[in-house]
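Single-letter residue listing:
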Amino acid sequence: MAEAILADVAGRVSALRDRGVTPALATILVGDDDASAGYIRIKQRQAAELGFTSPHEHLPATATQADLHAAIAAFSADPAVHGLLVQHPVPGHLDYDRALQSMDPDKDVDGMHPLNMGRLALGIPGPLPCTPAGIEALLAHYGVPVAGKEVVILGRGATLGRPLAMLLAQKRPTANAAVTVVHTGVPDWPRYTLRADILIAAAGVPGIITPEHVRPGSVVIGGGVRYAGRRLLPDVDESCERVAGAITPRVGGVGPTTVAMLFRNAVTAAERASDGSAR
């Protein structure tokens with residue numbers, strides 16, 4: 001699915017370049033965290049393959065909140081930059097949420113700016129949060145029926161559980177589900193997951209979903225992860241494949257779809273800016 005999305009993005013980038021518009025996805029990295037620097041390199045390589053330029057600002061770990069806001073302001077004001085990404089996490093003395101709020105929301109390729117979350121809640125077009133949008137697209141790509149089905153999301157976080165619930169409840173052929181959001185603060189949460197047609201783990205608790213929490217034949221998507229060093233620790237134990245009708249793999253599941261949606265947001269922002277329809 002990610003390959004199909006990126007192929008579509010590449011075609012749209014080519015069409016923009018034919019019109020004299022070169023899409024640009026800018027990135028900001030604060031500090032010298034090896035993993036974060038690696039993620040930036042991956043996105044820059046992908047940008048180059050798709051035909052984007054990728055201006056980058058690398059701030060020292062000692063950067064102040066004002067330094068970070070200044071870098072964001074420069075990219076937000078630059079008409080040649082269409083998308084902007086501040087790599088998360090930032091050093092502990094910085095407030096990522098404040099920085100995000102200072103960004104031009106139409107350039108927010110992560111879809112996490114408060115204005116874009118409001119657009120999602122109201123059904124107004126705008127950049128969508130990448131992991132939730134990727135999960136909806138993944139279900140659609142593999143022909144998993146969602147409309148009218150019972151979807152249970154374990155996890156209520158701002159980056160996945162909450163926006164995904166809003167997305168899958170909207171009236172659309174690839175959504176329109178009965179969505180229940182539960183979390184680890186609900187003592188009997190397995191009672192809900194066991195009735196799900198589609199179970200989406202978004203708790204960020206490694207191995208929390210095991211076979212006894214899954215209704216046989218249901219669709220299971222592991223959206224929540226944590227890292228131990230560079231090792232990916234998913235919410236869904238791999239043994240769940242014994243009972244699930246369909247399941248995302250530990251590696252190569254929602255990660256690639258998230259990246260694909262980031263670039264779809266970026267090319268959409270470039271198209272919107274180039275035809276003068278940006279809000």
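Described below are features of the structure shown in this document. (Residues numbered from 1 in each chain as written. Predicted model: local features only at pLDDT ≥ 70, side-chain atom pairs only at ≥ 80, totals over all residues. Heavy atoms only, no water.)

### Here's the deal with the sheet that holds strand β1 (residues 25-30)
Next up, step 1: The strand order β2-β1-β3 describes an open sheet built from three strands, whose pairing is parallel. In this open sheet, the two edge strands, each paired with only one partner strand, are β2 (56-59) and β3 (83-86). Recorded for the sheet is a direction-independent mean angle of 10 degrees between the axes of neighbouring strands.
Next up, step 2: Relative to β2, β1 runs parallel, the two being bridged by four bridges. Pairing of I28 across the sheet is with E57, part of β2.
Next up, step 3: Across the sheet, helix α3 (residues 65-77) lies against β1, β2 and β3, angled at about 175 degrees from β1, the strand it touches most. (Pairing = 2+ DSSP bridges. Helix = DSSP H or I, 4+ residues; strand = E, 2+ residues; numbered from the N terminus. Axes fitted to C-alpha atoms, helices over the stretch in contact; angles between N-to-C directions. Contact = heavy atoms within 4.5 Å.)

### A look at α3
Next up, step 1: Its 13 residues give α3 an end-to-end C-alpha distance of 18 Å, which sits within 8% of 18 Å, the value for a rise of 1.5 Å per residue.
Next up, step 2: Among the residues making up α3, those that are buried are Q65, L68, A71, I72, F75 and S76. Within α3, the buried residues cover an arc of 135 degrees as seen down the axis, which keeps them to one side. Facing away from the buried side of α3 by over 90 degrees, the exposed positions are A66 and A77. (Expected span 1.5 Å × (residues − 1). Buried < 20%, exposed > 50% of the residue type's maximum accessible area, 1.4 Å probe, protein only. Arc of directions from axis to C-beta.)

### Let's talk about the pairing of β3
Next up, step 1: Burial along β3 is two-sided: the residues G83 and L85 and L84 and V86 are all buried.
Next up, step 2: Looking at chain direction, β1 and β3 are connected through four bridges and run parallel. Note on β3: the bridge partner recorded for A26 is L84.

### Notes on the pattern of salt bridges
Next up, step 1: By the definition in use, this model includes eight salt bridges.
Next up, step 2: Here E271 makes a salt bridge to R12, at a shortest N to O gap of 2.7 Å. With E271 in helix α9 (residues 254-274) and R12 in helix α1 (residues 2-18), this residue pair connects regions lying 259 residues apart in the sequence.
Next up, step 3: On the accessibility criterion, E271 (23% relative accessible area) is partly exposed.
Next up, step 4: Across the pair R195 and E150 runs a salt bridge, and its minimum N-O distance is 2.5 Å. Here R195, found in the loop between α8 (190-193) and β6 (198-201), pairs with E150, found in strand β4 (residues 150-154); they are 45 residues apart in sequence, far enough to count as distant.
Next up, step 5: With a relative accessible area of 36%, R195 lands in the partly exposed category. (Salt bridge = Lys/Arg side-chain N within 4 Å of Asp/Glu carboxyl O.)

### Description of the environment of V236
Next up, step 1: Considering the arrangement of structural elements, one finds V236 in the loop between β9 (231-234) and β10 (246-247).
Next up, step 2: Through-space distance from the C-alpha of V236 to that of G207 is 5.2 Å; in sequence the pair is 29 residues apart.
Next up, step 3: When residues no more than four places from it in sequence are discounted, the contact partners of V236 are A201, I209, V220, I221, G222 and I247.

### Re the sheet that holds strand β5 (residues 178-182)
Next up, step 1: Taking strand neighbours across the sheet as the criterion, the five strands line up as β5-β4-β6-β7-β10 in an open arrangement whose pairing is parallel. Where the open sheet ends on each side, the last strands, each with one partner, are β5 and β10.

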